[in-house]
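In case you want the letters, here they are:
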Amino acid sequence: MLVSDLLTHIRDGWGQAATTRWTDAELLRVTQLAAVRAQGILQRNDVYFGRKKIDFNTVAATGNYALPADFASAITLTRTDQHRILTHYSQSNWDAIISAAEASCYVVDGDEILIAGVPTTVIPLRLRYWPVAPVISAGGSTPWQGKLDYILIGYIKASLYNTDEMNIGQDIELLQDLENNIVAQFAGEAPAVETHRGWMV
């Protein structure tokens, strides 16, 4: 769906006074806030289409690599030629590393990802990560392949209807409704993972 169409849907059913009260610029700001909240819900509930990935190759004798511009937090860093996930270190533990096997662990440091031990050859890696909320622009399309369009429309319409009377309790209630709707529709699509111990299953 185009963002312009989303704004039209938000206005559907309004009287003339409400239709002229909100400019497109104001609706875009409200929609951007809704997108920020929705991205947080996707991450908190591990909803699959909120994640992103990027493949890259290491460079010999280089241990630092730029993160994607929309990076928010790391999920996994995988050495794809060995199907092996690198160990993710905290900054405090990272500083205590004395030596490490080649491309065995990493840490996020500012706008870079640091890898230890420093690769000596070209190694294929895949970073899966949570991005920051998508930017909503007037001439663009809605994010997440349109999966949340009508959930967001309902949330935004309710927020705007209650703008004059809105208090923090109502805002929290609407935000909880947004999360409940997203989780009810999409969280169940994440596969259940069973962890077996020993030889008895």
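Throughout, a residue's number is its position along its own chain's written sequence, starting from 1. Two thresholds apply to this predicted model, a pLDDT of at least 70 for residue-level local features and 80 or more for giving and counting side-chain atom pairs, whereas whole-chain, interface and lining totals are computed over all residues. To obtain the side-chain values, all non-hydrogen atoms of the structure were used and water was disregarded.

1. Concerning the overall build of the protein
Then comes step 1: Strands are runs of DSSP state E lasting at least 2 residues, helices are runs of H or I lasting at least 4, and numbering of each runs from the N terminus. Each helix and strand in the protein was counted, giving six helices and eight strands.
Then comes step 2: Secondary structure elements of the protein, listed N to C terminal, follow the sequence α-α-α-β-β-β-β-β-α-β-β-β-α-α.
Then comes step 3: Partly exposed describes any residue whose relative accessible area lies between the buried limit of under 20% and the exposed limit of over 50%, with all areas from a 1.4 Å probe on protein chains only and scaled to the type maximum. Looking at the 201 residues of the protein, the share that counts as buried comes to 35%.
Then comes step 4: For this analysis, residues touch if any pair of their heavy atoms sits within 4.5 Å. Sequence-distant contacts in the protein: of pairs separated by 6 or more residues, those separated by 24 or more amount to 68%.
Then comes step 5: Accessible area for the protein stands at about 11600 Å²; split by element, carbon and sulfur atoms hold 54% of it. The accessible surface values rely on the Shrake-Rupley method and a 1.4 Å probe; as for residues, cover is taken only from the protein chains in view.

2. Let's talk about the nonpolar core
Nonpolar side chains in soluble globular proteins generally cluster together in the buried interior.
Then comes step 1: Ile 10, Trp 144, Leu 148, Leu 152 and Ile 182 are the most contacted members of the largest nonpolar core, which has 28 residues in total.
Then comes step 2: When residues in this core are grouped by element, the largest group, seven residues, is from helix 3 (residues 24-44).
Then comes step 3: With sequence-adjacent residues up to four places away left out, Ile 10 is seen in contact with Leu 27, Thr 31, Ile 153, Ile 156, Lys 157 and Leu 160.
Then comes step 4: For our purposes a nonpolar core is just a set of buried Ala, Val, Leu, Ile, Met, Phe, Trp, Tyr and Cys residues, chained together by side-chain atoms within 4.5 Å. Ranked by size, the runner-up nonpolar core spans 14 residues in total, among them Phe 56, Leu 67, Tyr 106 and Ile 123.

3. Brief notes about the confidence of the model for the protein
Then comes step 1: Taken over all residues, the pLDDT of the protein has a mean of 89, while the share at 70 or more is 88%.
Then comes step 2: Below a pLDDT of 50 lies the segment residues 192-201, which in the model reaches one contact outside its immediate sequence neighbourhood of four places, other chains included. Per residue, pLDDT captures the predictor's confidence, and it can take any value from 0 to 100.

4. Let's talk about the sheet that holds strand 6 (residues 105-109)
Then comes step 1: Strands are labelled as partners when DSSP assigns at least two bridges between them. The four strands lie next to each other as 2-7-6-5, forming an open sheet whose pairing is mixed. Each edge of the open sheet carries a strand with a single partner, namely strand 2 (64-66) and strand 5 (87-88).

5. Looking at the sheet that holds strand 8 (residues 124-131)
Then comes step 1: What the four strands build is an open sheet, ordered 1-8-3-4; its pairing is antiparallel. Each edge of the open sheet carries a strand with a single partner, namely strand 1 (52-57) and strand 4 (84-85).
Then comes step 2: When strand 1 meets strand 8, the two strands line up antiparallel, connected through six bridges. Paired with Lys 53 across the two strands is Arg 128, which belongs to strand 8.

6. Overview of the packing of aromatic side chains
Then comes step 1: Two rings from Phe, Tyr or Trp (for Trp, the six-membered ring) form a pair when their centres sit within 6.5 Å of each other. Planes less than 30 degrees apart are called stacked, planes more than 60 degrees apart edge-to-face, and all others tilted. Summed over all chains, the structure comprises five aromatic pairs.
Then comes step 2: A ring pair is formed by Phe 56 and Tyr 65, whose centres lie 5.7 Å apart and whose planes are at 40°; its orientation type is tilted.
Then comes step 3: Tyr 65 gets classed as buried once you look at its relative accessible area, which sits at 10%.
Then comes step 4: With centroids separated by 6.3 Å and ring planes inclined at 75°, the aromatic side chains of Tyr 89 and Trp 94 adopt a geometry described as edge-to-face.
Then comes step 5: Within the aromatic cluster, the residues linked to one another by ring pairs are Tyr 48, Phe 49 and Phe 186.
Then comes step 6: Taking the ring centre of Phe 49 as reference, the NZ or CZ of Lys 147 above it sits at 5.5 Å. Charge-over-ring placement is defined geometrically: NZ (Lys) or CZ (Arg) within 6 Å of the ring centre, and within 35 degrees of the ring normal.

7. Points about the packing of helix 3 against helix 5 (residues 149-161)
Then comes step 1: Interaxial distance between helix 3 and helix 5 falls to 10 Å at its minimum, and their mutual angle equals 120°. The pairing of helix 3 with helix 5 is recorded here as oblique in orientation. Handedness of the crossing formed by helix 3 with helix 5: right-handed. Contacts from Leu 27, Val 30, Thr 31, Ala 34, Arg 37 and Ala 38 in helix 3 reach Leu 152, Tyr 155, Ile 156 and Leu 160 in helix 5.
Then comes step 2: A per-class count over the contact of helix 3 with helix 5 returns eight nonpolar, one polar and one charged. Comment: axis = line fitted to C-alpha atoms, over the contacting stretch for helices; angle = value between 0 and 180 degrees taken between N-to-C directions. The cut-offs work like this: below 35 degrees is roughly parallel, past 145 is roughly antiparallel, 65 to 115 is roughly perpendicular, and the gaps in between are oblique. Should the near helix be turned counterclockwise from the far one by less than a right angle, the crossing is left-handed, whereas a clockwise turn marks it as right-handed. In this classification, Asp, Glu, Lys and Arg are treated as charged, Ala, Val, Leu, Ile, Met, Phe, Trp, Tyr, Cys and Pro as nonpolar, and every other residue, Gly included, as polar.

8. Description of helix 5
Then comes step 1: Helix length check: helix 5 (13 residues) gives 18 Å between terminal C-alpha atoms against 18 Å at 1.5 Å per residue, within 8%.
Then comes step 2: Of the residues making up helix 5, those classed as buried are Asp 149, Ile 151, Leu 152, Ile 153, Tyr 155, Ile 156, Lys 157, Ser 159 and Leu 160. The span expected for a helix works out to 1.5 Å for each residue beyond the first.

9. Comments concerning the pairing of strand 3 (residues 71-79)
Each regular strand carries side chains that alternate between the two faces of the sheet.
Then comes step 1: Bridge count for strand 3 against strand 8 is seven bridges, and the pairing is antiparallel. Bridging from a neighbouring strand, Ala 74 pairs with Tyr 129 of strand 8.
Then comes step 2: As paired strands, strand 3 and strand 4 are joined by two bridges and run antiparallel to one another. Pairing of Thr 78 across the sheet is with Ile 85, part of strand 4.
Then comes step 3: The loop that links strand 3 with its antiparallel partner strand 4 comprises four residues; one of these, His 83, has a positive phi angle of about 50°.

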